[in-house]
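Chain residues, written in single-letter form:
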There are 2 protein chains.
Amino acid sequence: MSRKPYKLKIIPLGGLGEVGKNITVIEYRNDIIVIDCGLIFPEDEMLGIDVVIPDISYLLKNKEKVRAIVLTHGHEDHIGALPYVLKKINAPVYGTKLTLGLIENKLREHNMKNVKLNKVEAGDLIEIGCFKIEFIKTNHSIPDSVALAIHTPVGIIVHTGDFKIDYTPINDEAIDLRKFAEIGKKGVLALLADSTNVERPGYTMSERTVGDTFNDIFSKAEHRIIVATFASNVYRIQQIIDSAVLFNRKVVVSGRSMINVIGVATELGYLNIPDGTLIDINDMNKYPYDKVVVITTGSQGEPMSALARMAYSEHRKIELVPGDLVVISATPIPGNEKTVSRVINQLMEKGVNVIYESLADVHVSGHACQEELKLIHALVKPKYFIPVHGEYRHLRRHAQLAEDLGMPKENIFVGQNGSIIEFTRNSCSFGPKVSAGNILVDGLGIGDVGNIVLRDRKHLSEDGLIVVVVTISKEDGKIMAGPDIISRGFVYVRESEDLMGEARDVVREVLRECEKNHITDWATLKSSIRDALRGFLYEKIKRNPMILPIIMEV
Amino acid sequence: MSRKPYKLKIIPLGGLGEVGKNITVIEYRNDIIVIDCGLIFPEDEMLGIDVVIPDISYLLKNKEKVRAIVLTHGHEDHIGALPYVLKKINAPVYGTKLTLGLIENKLREHNMKNVKLNKVEAGDLIEIGCFKIEFIKTNHSIPDSVALAIHTPVGIIVHTGDFKIDYTPINDEAIDLRKFAEIGKKGVLALLADSTNVERPGYTMSERTVGDTFNDIFSKAEHRIIVATFASNVYRIQQIIDSAVLFNRKVVVSGRSMINVIGVATELGYLNIPDGTLIDINDMNKYPYDKVVVITTGSQGEPMSALARMAYSEHRKIELVPGDLVVISATPIPGNEKTVSRVINQLMEKGVNVIYESLADVHVSGHACQEELKLIHALVKPKYFIPVHGEYRHLRRHAQLAEDLGMPKENIFVGQNGSIIEFTRNSCSFGPKVSAGNILVDGLGIGDVGNIVLRDRKHLSEDGLIVVVVTISKEDGKIMAGPDIISRGFVYVRESEDLMGEARDVVREVLRECEKNHITDWATLKSSIRDALRGFLYEKIKRNPMILPIIMEV
């Protein structure tokens, strides 16, 4: 009698149906490897939340199986949850040099020392448990990004990580297309590929095109230049520095994460900065305005960023003046359009010139567009396809793209976070789901803010709060003090004294009624106060504040 | 001795440095006319606010001078504040037929009866006070839009309103370019022109192109079609109906404002709907799925809209099924990208096909792009130029466009809300500013939510609230009851009992200390509690809730 074959499981715990929080489990018998370990920034309605990390309860249940966490590149949506996860699962981490460099910084901030970081490079083949993992050079908006070819007992899985195809990258080589072709030729069981830009036709432009724009801008600028971009885009930073050197400008760096990344990238050899190019921000005023470039954070209009502080005249070292030129070398991430626009308006009101995306080619994406995706699909030619890294609309569109390329519909698996996709050598199917989702981080609290707390925050944010306090006698239920009414976030009290006075009368009336009817149980008392006050306020002013009745007994 | 000449004043009270809340005052001696009277929707940080209307204190101070409110078209950002303003200023209103039709609806909702609405049409010339006002046919995303040529004692002022140039509009005529040319030839003192699309090169496509796309989509659809668009875009609605008729589909209307506008537009002759085309939503299921089109609101992903309710299976009448096709015939307004995307994802997860902007030409803008703006500037050839209707970045860009066309820099006036721009026959300059700004409407309260209330709402929304109540004795300051600690929006209490217990200990300790040191004044007591608790919580959990100490005395 033949034994039922073991199955390979691919379980995305994050990154499906969202852009961020990428984490994928690859499991076979007693071996698990985890690919990436990212965070996502909170949605608008997650009030007060700092970051969101994946629910890893499945990994915690299978802790002893986890052999490694393997990282594709150093962006927050791929490494940001690592400190949180490593506190609970002590697994060795594998990544390329820059990725590990950025992680070291992060672990230091979290005061974590005993993490085993294993450096790999593109071209390496390592063995972990029953898996062999090959690291393949790709291009992306951060150096040292890799795709993975995971040789499993049932076949090869290719995971692209985040990628684009750049034939003329900066300080770097093009994506190793021949390796993709070679592995494709061997036969690939499944492809997991980046879906971020699948709605965009054509090709993503080379990073180098931005350098041409910079040279053009720098050649014409007669005043100070300030360039805002993503701190992790080391290529972009290199090009700003190259243009600065070409046009004899000194470079000043502003913004914590920018200083951080430039430090790490320079130390590890990813940035080539001629001696004497960087100057201290405090020395900036020793140079004429047309001899200075500032590289800064804040390209997303983040309110606390260096660029926003410059725009609002709150930067301690840099005071922008009319004639300065700000280049925003980034596209607003969906949801950030308004904050970016606000910073642009603010800068312009100061008389600063601003160049942004719609005015010049000052940014290119780090993700593959349709034609690049088709190329990878054609080279890898997998039997099964799992679109990853994208909202549902992107995953669906990517599935359609694969179908258009000739893949049978039934070989395409559009999963969700927590889906189990099970493989044998010649089959693939959805298994039962495991728990997956969002863990909210607020300050030091991890997961202690849930739906009830968020619902209360939303309620408080929209209509504010009214606290009603009354002290009653233990013996006879008589009112000893109060009722006092305190409001916050409700109305401007000085203008609404009448309203608050009437509200107090409403509560007094309720208490009188309750006393008359010998109602002394607190729950009834409180809900009577709440109901009466809610009705009164809605009638009067069509608002619905949170009402918090508090009864003290003496 | 010659008398100092009277000046014409143009005072934008809204619409500059923002997209919305358009209202402009034109004043000469004892006559004021107000052009448009719009609202704007609240920014994200205006928590709980429903709408924002302009501060009209300048008009209130000059109430007796206000001769008329003249409207360019029926969009909310041009008429939305009218009920609020008319409650304080009893001026006659002038507008075209559809504009007034929409206003009547609005006034009815506000229970306002005695407003004098005066119907005008493009081509009319009316006299109000010392002004003659000519109404000029334009194109926009709502029918019956007009520009104004205001003949004043010092010269002609042209105000474009919102406009585009559409040579092939739907059920309508093209913008009256010859009138612009004719007035331009007479000599125009100043032009005020729409700046919304000034960052876009080229021309805005004709509304008609969308109809071609609809026909293409309808010809292929094999299931139900749901089209979401702006309720006020009567042209778009006409084209959906035309395609429906062409492909033998019945039309169902969903969404309060859609039903509203279709009612008004049909009654006034702006929509041409063949008998038997519209069917009641309750009869929809009598028809096969491929014989039905639903026209609905919700193209901006608004959470309570009909489309969002369909997406989340909360619509009482329409249950979407796999195979249905949703067409989102709109572009997300900046700030709405994420809500729109969420609805698209949700629809796709139901197996519904979704066509949106990046997939097909299902929308065109209602505003003029660069080449159209240049044409109007060239025809009108004003002496002075005031860019209006746009964020600061748009106004600046529009000023640049005028300069590129040869206008002297010093003849361009980029103002702010509240700026006075003063004209004589041959001069123009900024005068002193008047008060202008935002009045926040929350429920029935107008202007009673200010910065303090918003700051509290923000604080509450981010970290929640802790109320500390203690009852002390009037005689000796001894604690009679409490301290009790109640929290909302802070932590999930059941998981944090220890923390709350420790917090109570902190408060007890403060009270003990105060008692020992005979501190009985409430202000000190409260601030001691607040400080101690704030320090404790930040140390423990890095959060900073609002702390509300309440002391009762018995």
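Computed from a predicted structure; not experimentally measured.

Asker: It is not clear to me how the overall build of chain A should be interpreted in this structure. Could you clarify?
Answerer: Helix and strand counts for chain A stand at 15 helices and 25 strands. Overall, the C-alpha framework of chain A stretches about 90 × 85 × 45 Å when taken along its three principal axes. Within the span of chain A, comprising 554 residues, buried residues form 59% of the whole. For chain A, long-range pairs separated by at least 24 residues make up 71% of all intrachain contacts whose partners lie at least 6 apart in sequence. Just so you have it, chain A exposes about 23,200 Å², and 48% of that area is on carbon and sulfur atoms. In chain A, 67 side chains carry a positive charge and 72 a negative one; their mean positions are 5 Å apart.

Asker: Would you mind showing me how to read the UniProt feature "domain: Metallo-beta-lactamase" (unreviewed entry) in chain A here?
Answerer: Under the local residue numbering, the UniProt record ascribes the feature "domain: Metallo-beta-lactamase" (unreviewed entry) to residues 20-214 of chain A. For residues 20-214 of chain A, the helix share is 23%, the strand share is 28%, and the end-to-end C-alpha distance is 30 Å.

Asker: Even after reading the chapter, I still don't get the domain arrangement of chain A, so can you show me in this structure?
Answerer: How big an interface is tends to be stated in terms of accessible area lost as the parts join. The domains assigned to chain A are domain 1 (8-202 + 365-446), domain 2 (207-359) and domain 3 (464-553). Computed over C-alpha atoms, the centres of domain 2 of chain A and domain 3 of chain A are 55 Å apart.

Asker: Sorry if this is basic, but what is going on with the interface of chain A and chain B here?
Answerer: At the interface, 68 residues of chain A touch 68 residues of chain B. Of the roughly 5,600 Å² buried where chain A meets chain B, counting both sides, 57% is carbon and sulfur surface. For the interface between chain A and chain B, the tally reads 10 salt bridges. Between A:Arg342 and B:Glu43 there is a salt bridge, with its nearest N and O atoms 2.6 Å apart. Put simply, chain A and chain B have 31 residue pairs in polar contact (both at pLDDT 80 or more) between them.

Asker: When you look at the side chain of B:Glu422 in this model, what are you seeing that I'm missing?
Answerer: Mapped onto the secondary structure, B:Glu422 falls in strand E19 (residues 421-424). When sequence neighbours within four positions are dropped, the list of residues in contact with B:Glu422 reads B:Lys7, B:Leu8, B:Lys9, B:Ser427, B:Cys428, B:Ser429 and B:Gly431.

Asker: Would you take a moment to explain the packing of aromatic side chains for this structure?
Answerer: To describe a pair of aromatic rings, you give the distance between the ring centres and the angle between the ring planes. In the structure shown here, the tally under the stated rule is 11 aromatic pairs over all chains. Between the aromatic rings of A:Tyr384 and A:Phe423, the centroid separation amounts to 5.9 Å while the plane-to-plane angle is 65 degrees, which identifies the pairing as edge-to-face. Of this pair, A:Tyr384 sits in strand E18 (residues 384-388) while A:Phe423 sits in strand E19 (residues 421-424), and the two are 39 residues apart along the sequence. Neither A:Tyr384 nor A:Phe423 differs from the other in exposure class; each is buried. Note on B:Tyr384 and B:Phe413: the rings are 6.2 Å apart at their centroids and 65 degrees apart in plane angle, and the pair reads as edge-to-face. Here B:Phe413 lies in the loop between helix H12 (392-404) and E19 and B:Tyr384 lies in strand E18 (residues 384-388), a separation of 29 residues in the sequence. Judged by its relative accessible area of 5%, B:Tyr384 is buried. Looking at B:Phe413, the relative accessible area reads 8%, which means it is buried. A connected cluster of aromatic rings, assembled from ring pairs, spans A:Tyr384, A:Phe413, A:Phe423 and A:Phe430. Over the aromatic face of A:Tyr289 sits the side chain of A:Arg224, whose NZ or CZ is 4.2 Å from the ring centroid.

Asker: Looking at this model, I keep getting lost on the sheet that holds strand E25 (residues 546-553) of chain B. Mind explaining?
Answerer: All names here are of chain B. Overall, mixed pairing links the three strands, which are arranged E24-E23-E25 in an open sheet. Strands with a single pairing partner mark the edges of an open sheet, and in this sheet they are strand E24 (479-488) and E25. The average undirected angle you get between the axes of adjacent strands in this sheet is 15 degrees. Where strand E23 (residues 465-472) and E24 come together, seven bridges link them in antiparallel fashion. Across the sheet, the residue bridging to Thr-471 is Ala-481, located in E24.

Asker: Mind showing me how you'd approach the sheet that holds strand E25 (residues 546-553) of chain A here?
Answerer: Within a beta sheet, neighbouring strands are joined by backbone hydrogen bonds and run either parallel or antiparallel to one another. Residue and element names in this part refer to chain A. Taken in spatial order, the three strands line up as E24-E23-E25 in an open sheet, and their pairing is mixed. A strand with exactly one partner marks an edge of an open sheet, and here the two such strands are strand E24 (479-488) and E25. Between one strand axis and the next, the sheet turns through 15 degrees on average, direction left out of account. Sheet strands touched by helix H14 (residues 497-516): strand E23 (465-472) and E24. Its angle to E24, the strand with the most contacts, is close to 140 degrees.

Scoring rules and cut-offs
- Residues numbered from 1 in each chain as written.
- Chains lettered and ligands numbered in written order.
- Predicted model: local features only at pLDDT ≥ 70, side-chain atom pairs only at ≥ 80, totals over all residues.
- Heavy atoms only, no water.
- Helix = DSSP H or I, 4+ residues; strand = E, 2+ residues; numbered from the N terminus.
- Buried < 20%, exposed > 50% of the residue type's maximum accessible area, 1.4 Å probe, protein only.
- Contact = heavy atoms within 4.5 Å.
- Areas by Shrake-Rupley, 256 points an atom, 1.4 Å probe, with all protein chains shown as cover.
- Lys, Arg positive; Asp, Glu negative; His and termini not counted.
- Charge placed at Lys NZ, Arg CZ, Asp CG, Glu CD.
- UniProt positions renumbered as here; feature names shortened; annotations may be inferred.
- Domains from an automatic or database assignment.
- Buried area = accessible area lost by both parts, 1.4 Å probe.
- Salt bridge = Lys/Arg side-chain N within 4 Å of Asp/Glu carboxyl O.
- Polar contact = N/O pair within 3.5 Å; in protein donor to acceptor, adjacent residues only side chain to side chain.
- Phe/Tyr/Trp six-rings, centres within 6.5 Å; stacked < 30°, edge-to-face > 60°.
- Lys NZ or Arg CZ within 6 Å of the ring centre and 35° of its normal.
- Pairing = 2+ DSSP bridges.
- Axes fitted to C-alpha atoms, helices over the stretch in contact; angles between N-to-C directions.

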